[in-house]
Structure formats: C-alpha cells, structure tokens
Amino acid sequence: MKTERRHDLETNELARYTAEGIEKVKPFSGQLFAGALVVIGILILISLWGSAAESKEASAWTDYFLAFSSSDQEMVNLQRVALNEEHEGTKMQEWAHVTWADRQTALATFQYLRDRPAAQERLANVESIYEELAKGATDAEVVNRARFGLGRVYEMQNRLEEARESYDQVEGDYGLIARERSDNLLKPEIQEATAWL
C-alpha cells in the first residue's frame with residue numbers, strides 16, 4: 001500500500017513539473033514552432049541539394065565513360081566532356097583532363113621521331129594542364145598522375161632537371177616508377193640519348 005501511495009505521489013510530482021514546464025514554454029511556443037520549421041526546411045534543402053549533386057556527378061561520369069570508350073584516337077570527345085560547363089566542379093572533370101593529357105603525351109611519344117614539331121606542339125598543349133592539375137587538383141591520384149605526366153613532358157623537351165623534380169614529387173601508385181625514372185635521368189648515357197633526340 002505504501003508503495004502505491006509513493007508511486008502516486010511521484011506521478012503527481014512529475015505531472016506538476018511537466019505542467020510548470022509547459023506553462024514556462026507557452027509564451028515561446030510560436031517561436032519554437034517557427035524554429036522547428038526552419039530546421040526542417042534546411043534539412044530538406046540539404047537533402048535536395050545532395051541529391052542534385054549526386055545526380056550531376058553520376059551524369060558527368062556517364063559522359064566520361066562514353067567519351068573514353070569511343071574509338072576516337074585523339075580523345076577529342078573526352079576533351080569536350082572535360083570542358084563541358086555542365087560538369088563544372090565535378091571530380092570527373094579533373095580525371096577527364098588528366099586522361100586526355102596522358103593520351104596526348106602518348107601520341108606525342110609515338111609521333112616524336114616522325115614529326116617532331118607536331119609532337120612538341122602536343123606537349124606544349126598539355127604542359128599547362130598538367131601544371132594546373134599538379135598544383136590544384138582535389139584528388140591526390142590526379143595530382144600524382146599530373147606530376148608524372150609533367151615529368152614525361154619535361155623529359156621529352158630535354159628539360160631533365162625539371163623532369164627529375166616533377167618525378168620526385170610523385171607519390172602513391174606512380175611513386176616507384178617515378179623514382180626509377182628520376183634516377184635513370186642521372187645516368188650519362190640517358191642524358192646523352194635525350195640530348196641527341
């Protein structure tokens with residue numbers, strides 16, 4: 001019996017505190033309700049913005065893979081995708097730029113002995129892209145690919161010290177190959193061959 005009475009008293013005490021709390025909050029109820037609506041509105045906007053950003057990124061990557069898998073040797077379609085304003089600010093854009101630059105560097109390598117001026121023009125076109133990505137890309141892998149590509153460009157332009165500096169900055173997956181390339185550029189026979197080319 002005493003337990004029931006104690007429980008009733010505790011329940012009444014809780015009810016009294018609850019009622020007092022409600023009375024204290026009543027003057028601010030309109031403001032609390034408006035604040036709750038603002039918070040809910042912000043959460044909805046964040047959700048919608050996140051969905052739009054995800055959709056934009058997905059669309060960009062679809063365009064990237066379509067352009068990449070085309071039979072275009074020069075990868076002109078990939079360059080168009082990289083420069084497309086609709087894809088501005090997506091991660092894909094950096095990847096499209098570095099992939100296009102890598103392809104141009106490879107084509108310059110194949111072209112170098114047959115048509116040196118055209119190869120040099122290709123290298124000049126990608127040098128600034130590599131430099132920009134090496135300094136400002138948001139993806140670390142893109143940064144390292146750009147540094148590696150820049151080393152290749154400098155090497156083909158017989159700018160061996162700059163090539164070594166660029167190779168020495170490469171980290172990650174390309175790091176080991178870049179260090180090996182940098183060390184090779186110190187060998188006299190490599191320096192002579194590069195100067196001859």
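Preceding block: the structure.
Residues numbered from 1 in each chain as written. Predicted model: local features only at pLDDT ≥ 70, side-chain atom pairs only at ≥ 80, totals over all residues. Heavy atoms only, no water.

Peer 1: How would you sum up the overall build of the protein chain? Please name residues and give values.
Peer 2: Secondary structure summary: the protein chain contains nine helices and zero strands in total. Counting from the amino terminus, the protein chain carries its helices and strands in the arrangement α-α-α-α-α-α-α-α-α. Taken across its 197 residues, the protein chain has 32% of its residues classed as buried. Partitioning the contacts of the protein chain with sequence separation of at least 6, the portion at a separation of at least 24 is 53%. For the protein chain, the accessible area works out to roughly 13100 Å², and carbon and sulfur atoms hold 59% of it. (Helix = DSSP H or I, 4+ residues; strand = E, 2+ residues; numbered from the N terminus. Buried < 20%, exposed > 50% of the residue type's maximum accessible area, 1.4 Å probe, protein only. Contact = heavy atoms within 4.5 Å. Areas by Shrake-Rupley, 256 points an atom, 1.4 Å probe, with all protein chains shown as cover.)

Peer 1: I'd like to hear about the packing of aromatic side chains, residue by residue, with values.
Peer 2: In the structure shown here, the tally under the stated rule is two aromatic pairs. Summarising the aromatic geometry, the rings of Phe148 and Tyr167 are spaced 5.5 Å apart at their centres and angled 55 degrees between planes, so their arrangement reads as tilted. Of this pair, Phe148 sits in helix H6 (residues 140-156) while Tyr167 is found in helix H7 (residues 160-168), placing the two residues 19 residues apart along the sequence. Neither residue differs from the other here; Phe148 and Tyr167 are each classed as buried. (Phe/Tyr/Trp six-rings, centres within 6.5 Å; stacked < 30°, edge-to-face > 60°.)

Peer 1: How would you summarise unusual backbone geometry if you had to cite specific residues and measurements?
Peer 2: In this model, Asn158 sits at a positive phi of 60 degrees, which is unusual for a non-glycine residue. Locating Asn158 in the fold gives a position in the loop between H6 and H7.

Peer 1: Describe the packing of helix H5 (residues 116-136) against H6, naming the residues involved and giving the relevant values.
Peer 2: One can describe the packing of H5 onto H6 by two numbers: an axis separation of 8 Å at closest approach and a directional angle of 145 degrees. Read as a crossing pair, H5 and H6 show a hand that is left-handed. Of H6, the residues touching H5 (which contributes Gln120, Leu123, Val126, Glu127, Tyr130, Glu131, Leu133 and Ala134) are Val142, Val143, Arg145, Ala146, Arg147, Gly149, Leu150, Val153, Tyr154 and Met156. Residue composition of the contact of H5 with H6, grouped by class: 12 nonpolar, two polar and four charged. (Axes fitted to C-alpha atoms, helices over the stretch in contact; angles between N-to-C directions. Left-handed = near helix turned anticlockwise from the far one by under 90°. Nonpolar A, V, L, I, M, F, W, Y, C, P; charged D, E, K, R; others polar.)

Peer 1: Lay out the side chain of Arg145 with the relevant residues and their values.
Peer 2: Within the element layout of this structure, Arg145 appears in helix H6. Its relative accessible area of 13% is what places Arg145 among the buried residues. Residues contacting Arg145, with those up to four places away along its chain left out, are Trp95, Val98, Thr99, Asp102, Tyr130 and Tyr174.

Peer 1: Tell me about H5, and please be specific about residues and values.
Peer 2: Counted at 1.5 Å a residue, the expected span for H5 with its 21 residues is 30 Å, and the 30 Å between its end C-alpha atoms agrees. Its maximal kink placed at Val126, H5 deviates by approximately 25 degrees. All buried positions along H5 are accounted for by Ala119, Arg122, Leu123, Val126, Glu127, Ile129, Tyr130, Leu133 and Ala134. Where the residues of H5 are buried, they touch helix H4 (91-111) and H6. (Expected span 1.5 Å × (residues − 1). Bend = angle between axes of the 7 residues up to and from the residue.)

Peer 1: Can you break down H6 residue by residue, with the values?
Peer 2: With 17 residues, H6 extends 25 Å from end C-alpha to end C-alpha; this agrees with the ideal 24 Å at 1.5 Å per step. Within H6, 14 of the 17 residues are buried, which leaves it mostly tucked inside the rest of the structure. Capping the start of H6, Asp139 holds a side-chain oxygen 2.8 Å from the backbone nitrogen of Glu141, two or three residues further along. One or two steps after H6, the chain reaches Asn158, where phi turns positive at roughly 60 degrees. (Polar contact = N/O pair within 3.5 Å; in protein donor to acceptor, adjacent residues only side chain to side chain.)

Peer 1: If you had to explain the nonpolar core to someone new, which residues and values would you point to?
Peer 2: In this structure, Leu78, Val98, Tyr130 and Leu133 are the most contacted members of the largest nonpolar core, which totals 37 residues. The residues contacting Leu78, other than those within four sequence positions of it, are Tyr64, Ala67, Phe68, Ala96, Thr99 and Trp100. (Core = buried A, V, L, I, M, F, W, Y, C linked by side-chain atoms within 4.5 Å.)

Peer 1: Lay out the packing of helix H3 (residues 76-83) against H4 in plain terms, naming residues and giving numbers.
Peer 2: H4 packs onto H3 with a crossing angle of 145 degrees between their chain directions and a minimal axis gap of 8 Å. The crossing of H3 and H4 is left-handed. Together, Leu78, Gln79, Val81, Ala82 and Leu83 of H3 and Met92, Gln93, Ala96, His97, Thr99 and Trp100 of H4 make up the contact between the two elements. Among the residues forming the contact of H3 with H4, the class breakdown is seven nonpolar, four polar and no charged.

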